[in-house]
Amino acid sequence: MRHIISILIENESGALSRVAGLFSARGYNIESLTVAPTEDPSLSRMTLVTRGSENVIEQITKQLNKLIDVVKLIDLAESAHIERELMLVKIRTSEHSRGEIRNVAEIFRGKIIDVTPTSYVVEMTGPSEKLDAFVATIDPDSIIEVVRSGPTGISRGEKGLHL
Amino acid sequence: MELSGAQIVIQSLKDEGVEYIFGYPGGAVLHLYDAIFQQDDVKHILVRHEQGATHAADGYARATGKPGVVLVTSGPGATNAVTGIATAYMDSIPLVVISGQVSLPVIGSDAFQEVDMVGITRPCVKHNFLVKDVSQLAETIKKAFHVATTGRPGPVVVDIPKDITDPRIKVPYKYPKKVVMRSYNPATTGHKGQIKKAVDLLLAAERPIIYSGGGVVLGEASKELIELAKTLGFPVTNTLMGLGAYPATDPQFVGMLGMHGTYEANMAMHESDVILAIGARFDDRVTGKLDEFCPYAKIIHIDVDPASISKTVRVDVPIVGGVKPVLDQMLEMLAESKKKPSKKALEAWWKQIDQWRSVHCLEFDRESRLIKPQYVIEQLYEVTKGDAYVTSDVGQHQMWAAQYYPFDKPRRWINSGGLGTMGFGLPAAIGVKLAFPDSEVACVTGDASIQMCIQELSTALQYKTPIKIINLNNSYMGMVRQWQEFSYESRYSHSYMDTIPEFVKLAEAYGHVGIRVTKPEEVRPALEQAFALKDRTVFLDILTDRTENVYPMIEAGKGHHDMKLRVALGTSTDRELA
Ligand SMILES: Cc1cc2nc3c(=O)[nH]c(=O)nc-3n(C[C@H](O)[C@H](O)[C@H](O)COP(=O)(O)OP(=O)(O)OC[C@H]3O[C@@H](n4cnc5c(N)ncnc54)[C@H](O)[C@@H]3O)c2cc1C
Ligand SMILES: Cc1ncc(C[n+]2csc(CCOP(=O)(O)OP(=O)(O)O)c2C)c(N)n1
């Protein structure tokens, strides 16, 4: 099962490598990891996507909690939540493909944020599957690069992950 | 008070009540060594190798329950300490290891003797710190002690760049009385509802067993464990790390469990219907084949570390909390309960256990012309009246010490269980002797293990720590040889050394007494002589039966009920080797 674990962690140098090191040392897989400081600059918020059986996920959350720098965490997959990922795609364009790409980007609510005579950069946010779907509609030969942030998420409702 | 970084480190240790630092100097810690030179409160023990420093501090910690303190220089000093740090980590031993680091401005430039100590030790410490600001030094040291000693204990590294200890830079000093870390709040008492469930289960049990481990020693809960076992009348088994937490000479004790545990302990585990696991972590040496582990049992598990619970074996009633507070809560509930354990069921259960006991799985050939290692340990027990601190290295001798020296008190049995570090025994014994100069300290070792930290014989001389080294010399890496005998058709690949040093001369060269023992009848007098030499370190080089094996044994991939027992007294399958 896919799990999305949201972690509040001390914003200290090395904190990220403690998390990454834990995953490699214990053989857990990380599908993606995003991290940035929160509104309180002494804390960072990390979103980690992983897969594993219930037992493995239980160990992962326990081992993460055991890290001294980890303040709190929740497994977003356990309750109603929203996930978003940011993607930037650079696409090679030709006179006759430009209109088509613009249309598709619009359908997916993407924005074209860089234009040269031969390329577009499309910015898009959404659940990861939506980004996958957009990439699938573009001719693979025309894709120059795809840059994705990995998902980040938040729970629904008024409760939040706080100190 | 304004102090330099170097003075702050030493003053902090003083304020923390530290008696000994085990260390070895070098460039990055010279400011610190200068501060050590200028005071007498904290005593420095100069070892001969940084691994020795960590094991000595570790032995001190295991024997006293207080954190062990280590000081090493950057680079090779720091990396030499890593084995000892990992050893302490695996057995949850509180250490504070201070390592020197190159100065802040040159970190990352491959400076002379620079290694990323924080990075290298990250997977084998409870936590580590790199100090970047001298004004945070005292607080960081306080945090290090706090983290090392609370919750599930463990080693903490404080990496201090040389410029932080610069004697010219002074800052106000105040050692914090307490630290609060918002991200670190170890559990203490257990959840009442869970404890109630556990009590109900215990009172309804018909074939119960208490399986207790190192957590009872670490949590100072021996008294509570005994009270609980006596209240319930249940059998008790201990892990290798738990030995002594329940008195081994008590009739309710069924011996160690696991790979080299007793027949009765493993059979009782296998047949039990309720297991109360206390501060034990279901290690693979204990469980054997997981699919066959305790098929009939409901399991209650008390542990301060939630990650230890349901890690390898799923438990039915998890209780997160310190052993001592949780056992107190449990005892209180039991006292209030009207229900008592079923007398009839327990009688039948004990009858069954006595049947298993009658196998006498630890019996060995007492008529042999060769010195049996088990006999040596029995004699050691008698000569020391069962009251010595016994450290050990790793191998067959370690198992024999665990099996044939019944420990009645916690913290007497000092060995590396989780990492299984050869070389641990001698430096650990030095640490123990420093802590308890009036007690007898024996190091049970083997001819291979002892050579891994033998240089510490020199430390033992310098600090006058008269320990007794019991070298069960079989001129094999016996434990490796045993596995090769059982699993590789006796192909003894590199488990033999034909150039073993003359240990007696070696001991003498280091300024100690060496005695060689070659016949069974010499064992007892030699031990008596060794312990009579009160103020000398004595190296007993005892030539034992080279082909002796450790029994019983659960071989890899087998269950508790599938033990290999000694076939017949005195037999070893490859007698031709002798
Ligand atoms: C050659 C060799 C052979 C071995 N054979 C055996 C064998 O036959 N049998 C055997 O048992 N072992 C054997 N071992 C040792 C084995 O590898 C493990 O080290 C040992 O079984 C672990 O013991 P433990 O479960 O008591 O855990 P420990 O490592 O002592 O861990 C303690 C547990 O208690 C918890 N804890 C700590 N403090 C507290 C507290 N205050 N309150 C609550 N919980 C706390 C910790 O979180 C942890 O889960 C062998 C080792 C070697 C080297
Ligand atoms: C540092 C280290 N290296 C290797 C091992 C693997 N090992 C475990 S027991 C053993 C042999 C120990 O031999 P010895 O000290 O002579 O003890 P004996 O088994 O003969 O009693 C070895 C090599 C280990 N535990 N530690």
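Our subject is the structure that appears above.
Residues numbered from 1 in each chain as written. Chains lettered and ligands numbered in written order. Predicted model: local features only at pLDDT ≥ 70, side-chain atom pairs only at ≥ 80, totals over all residues. Heavy atoms only, no water.

Undergrad: Which parts of the structure should I look at to understand the overall build of chain B?
TA: Along its length, chain B carries 20 helices and 20 strands. Since a compact globule built from 578 residues should have a radius of gyration of about 25 Å, the 24 Å found for chain B is in line with a globular shape. Along the three orthogonal principal directions, the C-alpha set of chain B runs to about 75 × 60 × 40 Å. Counting the 578 residues in chain B, one finds 61% classified as buried. Of the contacts formed within chain B by residues at least 6 apart in sequence, a portion of 77% connects residues at least 24 apart. Surface exposure of chain B reaches about 22,500 Å², of which carbon and sulfur atoms provide 53%. (Helix = DSSP H or I, 4+ residues; strand = E, 2+ residues; numbered from the N terminus. Rg over C-alpha atoms; globule rule 2.2 N^0.38 Å. Buried < 20%, exposed > 50% of the residue type's maximum accessible area, 1.4 Å probe, protein only. Contact = heavy atoms within 4.5 Å. Areas by Shrake-Rupley, 256 points an atom, 1.4 Å probe, with all protein chains shown as cover.)

Undergrad: Sorry, what's going on with the overall build of chain A here?
TA: Scanning chain A from terminus to terminus reveals four helices and nine strands. Going from N to C terminus, chain A has its helices and strands arranged as β-α-β-β-α-β-β-α-β-β-α-β-β. Projecting the C-alpha coordinates of chain A onto the three principal axes gives extents of approximately 55 × 35 × 30 Å. Taking as baseline every contact in chain A between residues at least 6 positions apart, the subset at least 24 positions apart corresponds to 73%.

Undergrad: Looking at this structure, I do not really get the pairing of strand S2 (residues 32-37) of chain A. What am I missing?
TA: Side chains on a regular strand alternate between the two faces of the sheet. Residues and elements named next belong to chain A. Bridge count for S2 against strand S3 (residues 43-51) is six bridges, and the pairing is antiparallel. Directly across from Thr34, in S3, lies its bridge partner Thr47. What sits between S2 and S3 in their antiparallel hairpin is a turn of five residues. (Pairing = 2+ DSSP bridges.)

Undergrad: Help me understand the nonpolar core, please; the structure alone is not making it clear to me.
TA: Nonpolar side chains in soluble globular proteins generally cluster together in the buried interior. Residue and element names in this part refer to chain B. In terms of nonpolar packing, the biggest core is built from 99 residues, with Leu228, Ile278, Met330 and Ile470 touching the most fellow members. Here this core takes seven residues from helix H12 (residues 323-336), the largest share from any one element. Contacts of Ile470, omitting those with residues within four sequence positions, involve Val376, Leu380, Ala442, Cys443, Val444, Thr445, Leu527, Leu540 and Ile542. (Core = buried A, V, L, I, M, F, W, Y, C linked by side-chain atoms within 4.5 Å.)

Undergrad: Would you take a moment to explain the pattern of salt bridges for this structure?
TA: Two side chains with opposite charge may pair up if their charged atoms get near one another. Residues and elements named next belong to chain B. This model, assessed by the stated rule, comprises 43 salt bridges over all chains. The partner of Asp283 in a salt bridge is Arg281, with the nearest N and O atoms 3.2 Å apart. We classify Arg281 as partly exposed; its relative accessible area is 24%. One continuous salt-bridge network, built from bridges that share partners, spans Lys372, Asp545, Glu548 and Arg566. (Salt bridge = Lys/Arg side-chain N within 4 Å of Asp/Glu carboxyl O.)

Undergrad: So what exactly am I meant to see when it comes to helix H10 (residues 263-271) of chain B here?
TA: The α-helix winds at 3.6 residues per turn, so residues separated by three or four positions along the chain end up facing the same way. Residue and element names in this part refer to chain B. Judged by how many residues are buried, H10 sits mostly within the fold: eight of nine residues are covered. Restricting attention to buried positions, one finds in H10 the residues Tyr263, Glu264, Ala265, Asn266, Met267, Ala268, Met269 and His270. Buried residues in H10 make contact with strand S9 (208-212), strand S10 (236-238), strand S11 (253-256), strand S12 (274-278) and helix H13 (343-357).

Undergrad: Sorry, what's going on with the sheet that holds strand S13 (residues 298-303) of chain B here?
TA: The strands that make up a sheet are held in pairs by hydrogen bonds between backbone atoms, and each pair lies either parallel or antiparallel. Residue and element names in this part refer to chain B. The six strands are arranged S11-S10-S9-S12-S13-S14 in an open sheet whose pairing can be described as parallel. Every other strand in the sheet has two partners, leaving S11 and strand S14 (317-320) as the edge strands with one partner each. Between one strand axis and the next, the sheet turns by 15° as a mean value, whatever way the strands run. One ladder, built from five bridges, connects S9 with S12; its direction is parallel. (Axes fitted to C-alpha atoms, helices over the stretch in contact; angles between N-to-C directions.)

Undergrad: So what exactly am I meant to see when it comes to the site of ligand 1 here?
TA: All names here are of chain B. Close to ligand 1 lie 37 residues, the nearest being Gly214, Thr239, Arg281, Asp303 and Ser308. Here an oxygen atom of ligand 1 and a side-chain polar atom of Thr239 are 2.6 Å apart. Interatomic distance of 2.7 Å between a side-chain N/O atom of Ser308 and an oxygen atom of ligand 1. Relative to its unbound accessible surface of 990 Å², ligand 1 loses 96% to contact with the protein. Elements supplying a minimum of two residues to the shell around ligand 1: helix H8 (214-218), helix H11 (284-287) and helix H15 (396-404). Residue contributions to the shell around ligand 1 peak at three residues, all from H8. (Near = heavy atom within 4 Å. Polar contact = N/O pair within 3.5 Å; in protein donor to acceptor, adjacent residues only side chain to side chain.)

Undergrad: Teacher, can you tell me more about unusual backbone geometry here?
TA: Of all residues except glycine, most have a negative phi; of all peptide bonds, most are trans. Residues and elements named next belong to chain B. The omega torsion of the bond from Tyr551 to Pro552 falls at -10°, within 30 degrees of zero and hence cis. Even without being glycine, Ser490 reaches a positive phi, approximately 60°. Exposure remark for Ser490: the relative accessible area of 30% places this residue in the partly exposed category.

Undergrad: I tried to follow the site of ligand 2 on my own but got confused; where do I start?
TA: All names here are of chain B. Every one of the 17 residues lining ligand 2 counts as a neighbour, but Gln396, His397, Gly420, Ser449 and Gly478 are closest to it. At 2.8 Å, a side-chain N or O of His397 approaches an oxygen atom of ligand 2. At 3.0 Å, a backbone N or O of Tyr476 approaches an oxygen atom of ligand 2. The protein chains hide 77% of the 590 Å² of surface that ligand 2 would expose on its own.

Undergrad: Hey, could you run me through the packing of helix H7 (residues 192-204) of chain B against H12 of chain B in this one?
TA: Each pair of packed helices can be described by the angle between their axes along with the distance between the axes. Residues and elements named next belong to chain B. For the pair H7 and H12, the least separation of the axes is 10 Å and the interaxial angle reads 55°. The orientation of H7 with respect to H12, classified from their angle, is oblique. Regarding H7 and H12, the two cross each other, and that crossing is right-handed. For the pair H7 and H12, contact is made by Lys192, Ile195, Lys196, Ala198, Val199, Leu202 and Leu203 and by Val326, Gln329, Met330, Met333 and Leu334, respectively. Considered class by class, the residues forming the contact of H7 with H12 number nine nonpolar, one polar and two charged. (Parallel < 35°, antiparallel > 145°, perpendicular 65-115°, else oblique. Left-handed = near helix turned anticlockwise from the far one by under 90°. Nonpolar A, V, L, I, M, F, W, Y, C, P; charged D, E, K, R; others polar.)

Undergrad: For this particular structure, what's the right way to read the interface of chain B and chain A?
TA: By a widespread convention, an interface's size corresponds to the accessible area lost as its parts come together. In this complex, chain B contributes 19 residues to the contact, which on the side of chain A involves 20 residues. Interface area, chain B with chain A, both sides summed: about 1,600 Å², of which 44% is carbon and sulfur. Area buried by chain B at its contact with chain A is led by Arg122, Arg182 and Ser183 of chain B, which between them contribute 40% of it. Seen at the junction of chain B and chain A, the total is four salt bridges. Here Asp305 of chain B makes a salt bridge to Lys66 of chain A, at a shortest N to O gap of 2.7 Å. If you look at where chain B meets chain A, you find twelve residue pairs in polar contact (both at pLDDT 80 or more). When its residues are assigned to classes, the side of chain B that touches chain A shows seven nonpolar, four polar and eight charged. (Buried area = accessible area lost by both parts, 1.4 Å probe.)

Undergrad: Honestly, a negative patch on the surface in this entry has me stumped. Any pointers?
TA: Residues and elements named next belong to chain B. A contiguous patch of negative charge on the surface is contributed by Glu227, Asp328, Glu332 and Glu336. No other element matches the three residues that H12 contributes to the negative patch. As for its placement among the helices and strands, Glu227 is situated in helix H9 (residues 222-232). (Patch = residues over 30% accessible without salt bridge, like charges linked within 9 Å, V, L, I, M, F, W, Y side chains within 5 Å. Lys, Arg positive; Asp, Glu negative; His and termini not counted. Charge placed at Lys NZ, Arg CZ, Asp CG, Glu CD.)

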